[in-house]
Amino acid sequence: MSDRKKLAGSALGIALLCACTSVFPMGCMTANITDRNMNEVHMYSGENDRQFYDTDSILVVANKKHALPAGYEPGDLVRPQVEMLNECFVRQIASAALEEMFAAAEAEGIHLILGSGYRAESLQRELYDKYTKQYGREVADTISSRPGYSDHQTGLAVDISDHDAKTYLTEEFENTPEGQWLLQHAHEYGFILRYPRGKDAITGYVYEPWHYRYVGTDVANAIYNEGSWLAMEEYCDVEGGTYAN
Amino acid sequence: MPTRKKRKLRLWALLTVVFGALALITLAINAFVKPAPVQEGKEKAVANAELPEKSDVTEESEETADEPQEEEEPVIVADPFTDTDSLLLLANKKHPLPDGYAPYDLREPNVASVYDSAPMRDEAAAALEEMFAAAAEDGVTLLLGSGYRSQEYQYQLYSGYCDQYGCEVADTISSRPGFSDHQTGLAADIADHDRATYLTQEMEDTPEGIWLRNHAHEYGFIMRYPKGKEEITGYAYEPWHFRYVGRDYAAAIYNVDEFCSFEEYFGVEGGDYYE
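The present account deals with the structure reproduced in this document. As the structure is a computational prediction, the values presented were derived from the model and not from experiment.

1. Section: the sheet that holds strand β6 (residues 211-214) of chain A
In a beta sheet, neighbouring strands are held together by backbone hydrogen bonds and run either parallel or antiparallel to one another.
Residues and elements named next belong to chain A.
Part 1: Read from one edge of the open sheet, four strands run β3-β4-β6-β5, paired in antiparallel fashion. Of all the strands in the sheet, just β3 (113-116) and β5 (191-193) have a single pairing partner and so form its edges. Neighbour to neighbour, the strand axes of the sheet diverge by 45° on average, direction disregarded.
Part 2: Taken together, the three bridges between strand β4 (residues 157-161) and β6 define a ladder with antiparallel strand orientation. Paired with Val158 across the two strands is Tyr212, which belongs to β6.
Part 3: Relative to the sheet, helix α2 (residues 92-107) contacts β3, β4, β5 and β6, its axis offset from that of β5 by approximately 80°.

Here it is in structure tokens:
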């Protein structure tokens, strides 16, 4: 009898523990992020700040200095209900914001198309290997992330195309109505330009006017209000640039 | 007090027995009901027997060796157009695929592509790689546009067009979910080197389009929606859409003429939807 009680007690305990752990970390995380504003930029403890390494955080950093945990795959990938060039998935939170953004653009006569979203580490490996075989590692590093280092693996990054895909993945995208609209409005929906112009040395990537990254509206507004193509690495005070080796 | 304890114990025992029995019943149901569509054994048998000559004979003998089945099974196995592991698996407006079908052996072909992902079934991917390499040797740069498309994604595409243009127009530009050749994992949309004519009929006159029309069959691919065969296939001419059927069939179909359609060659029904 007492054994049974203990069993029931421990089961209840485990259930409670699970419930708590599933509620609290999220709570802490969102509190951390929403309370930020521009004045607090440098209050990030930079390299030591947990949230840039925490894959549950929408500020998780993936760049040539910060790999994601090996084999990381977001648990809440969904297919956004927007027009796309190819089947894409992104994390739920980014998907909702993306749908809102696309609808807002459409209302202003701007037709955006989603080109790419989440990219699995395995797919990134295939892409990188393909380029390495074709052009050698040095060139491959300039056109493709190494597996585990891609912003697309976070499930929070998107490549966006103009309405007829004429300038997709080219710098000319910047001058299309779609590119211009995004530069002015993406932050309202929580997206930032991930690889701004002239920040190659900081981000480790050339200017990509098509690549947007979801970071939430607070951080996106703060970065946008800075007004000078601030890179995520600068705002978060984390290391970027090229690979260590 | 002891009687109460006993009663409680008995209750627990009863509950355990009931739940145990329930669990056993579900297990039993799973074990006996699921095998009805025993696909795997059957699929492997057909894969091995995938030859133009008399495939049904080998299929049936291997089938019986694999597992004793009910009588209706061999009939299904003998039909290469509905068997999901057959390279002749048919998807057109008269023949939907099994609901929710997804190939088990998809991978990314190791070729230059328009988007970052365009999975295809393993055998088709290997043939495509060979074809792209051969084209490159002839100075023709092919780009892979689109490969496998899931039924869910096709649903989103189709319903998006329905919302935008109405379903009547949607039917002319997109397959309904479950009816798309792309869901077989054996189809590829191919682009010219700079995507200038991608998904347009002008592809036909590019070096890429011409090369494909003359050589795709050597690698097991056929033009799925040939020119002038709209009524038969149910689709407008798509000089970019190629379908893997294996080298023997592809050569046989090409040898009839360069615009021979799948539906004509095999005498299967095509054309528009029933309603």
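On we go from here.
2. Side note on the interface of chain B and chain A
Part 1: Across the contact, 18 residues belong to chain B and 19 residues belong to chain A.
Part 2: Summed over both sides, the interface of chain B with chain A buries roughly 1800 Å², with 45% coming from carbon and sulfur.
Part 3: Together, B:Asp116, B:Tyr153 and B:Gln156 form the three largest contributors to the area buried by chain B at its contact with chain A, with a combined 35%.
Part 4: For the pair chain B and chain A, the number of links is nine residue pairs in polar contact (both at pLDDT 80 or more).
Part 5: Within the side of chain B that touches chain A, the residues separate by chemical class into seven nonpolar, five polar and six charged.

3. Thoughts on unusual backbone geometry
Residue and element names in this part refer to chain A.
Part 1: Of note in this structure, Leu169 is not a glycine but carries a positive phi near 65°.
Part 2: With respect to the helices and strands, the residue Leu169 is situated in the loop between β4 and α5 (177-185).
Part 3: On the basis of relative accessible area, Leu169 is assigned to the partly exposed category, the value being 38%.

4. Points about the nonpolar core
When a protein is soluble and globular, its nonpolar side chains tend to lie buried together.
Part 1: Residues A:Met101, A:Ile160, A:Trp181, A:Leu182 and A:Phe191 are the most contacted members of the largest nonpolar core, which totals 35 residues.
Part 2: Elements supplying a minimum of two residues to this core: α2, β4, α5, β5 and β6 of chain A together with α6 (151-165) of chain B.
Part 3: Ignoring sequence-local partners within four residues, the contact set of A:Ile160 consists of A:Met101, A:Phe102, A:Leu112, A:Ile113, A:Gly115, A:Tyr168, A:Phe173, A:Leu182, A:Trp210 and A:Tyr212.
Part 4: Residues B:Ala127, B:Tyr219, B:Tyr237 and B:Phe259 belong to the second largest nonpolar core, which totals 30 residues.

5. Some words on the packing of aromatic side chains
Residues and elements named next belong to chain A.
Part 1: Summed over all chains, the structure comprises 17 aromatic pairs over all chains.
Part 2: On the basis of an interplanar angle of 20° and a centroid distance of 6.3 Å, the ring pair of Tyr131 and Tyr135 is categorised as stacked. Here the residue Tyr131 and the residue Tyr135 both occupy positions in helix α3 (residues 121-135), the gap between them amounting to four residues, near one helical turn.
Part 3: You can call Tyr131 partly exposed: its relative accessible area is 24%.

6. Examining the sheet that holds strand β5 (residues 221-223) of chain B
Residues and elements named next belong to chain B.
Part 1: Read across the sheet, four strands follow the order β3-β4-β6-β5 without closing on themselves; strand pairing throughout is antiparallel. In this open sheet, the two strands that pair with only one neighbour each are β3 (143-146) and β5. Sheet twist, expressed as the mean angle between neighbouring strand axes with direction ignored, is 45°.
Part 2: Note: β5 against strand β6 (residues 241-244), three bridges, orientation antiparallel. The residue of β6 that forms the bridge with Ile222 is Arg243.

7. Here we look at the pairing of strand β4 (residues 187-191) of chain B
Residue and element names in this part refer to chain B.
Part 1: In terms of burial, β4 is largely enclosed, as five of its five residues are buried.
Part 2: Across the two faces of β4 the burial is the same, with Ala187, Asp189 and Ala191 and Ala188 and Ile190 all buried.
Part 3: Sheet analysis places β3 next to β4, joined by three bridges and oriented antiparallel. The partner of Leu143 across the bridge, within β4, is Ala191.

Procedures and definitions
- Residues numbered from 1 in each chain as written.
- Chains lettered and ligands numbered in written order.
- Predicted model: local features only at pLDDT ≥ 70, side-chain atom pairs only at ≥ 80, totals over all residues.
- Heavy atoms only, no water.
- Pairing = 2+ DSSP bridges.
- Helix = DSSP H or I, 4+ residues; strand = E, 2+ residues; numbered from the N terminus.
- Axes fitted to C-alpha atoms, helices over the stretch in contact; angles between N-to-C directions.
- Contact = heavy atoms within 4.5 Å.
- Buried area = accessible area lost by both parts, 1.4 Å probe.
- Polar contact = N/O pair within 3.5 Å; in protein donor to acceptor, adjacent residues only side chain to side chain.
- Nonpolar A, V, L, I, M, F, W, Y, C, P; charged D, E, K, R; others polar.
- Buried < 20%, exposed > 50% of the residue type's maximum accessible area, 1.4 Å probe, protein only.
- Core = buried A, V, L, I, M, F, W, Y, C linked by side-chain atoms within 4.5 Å.
- Phe/Tyr/Trp six-rings, centres within 6.5 Å; stacked < 30°, edge-to-face > 60°.

Scope: geometric values only; no functional claims are made or implied.
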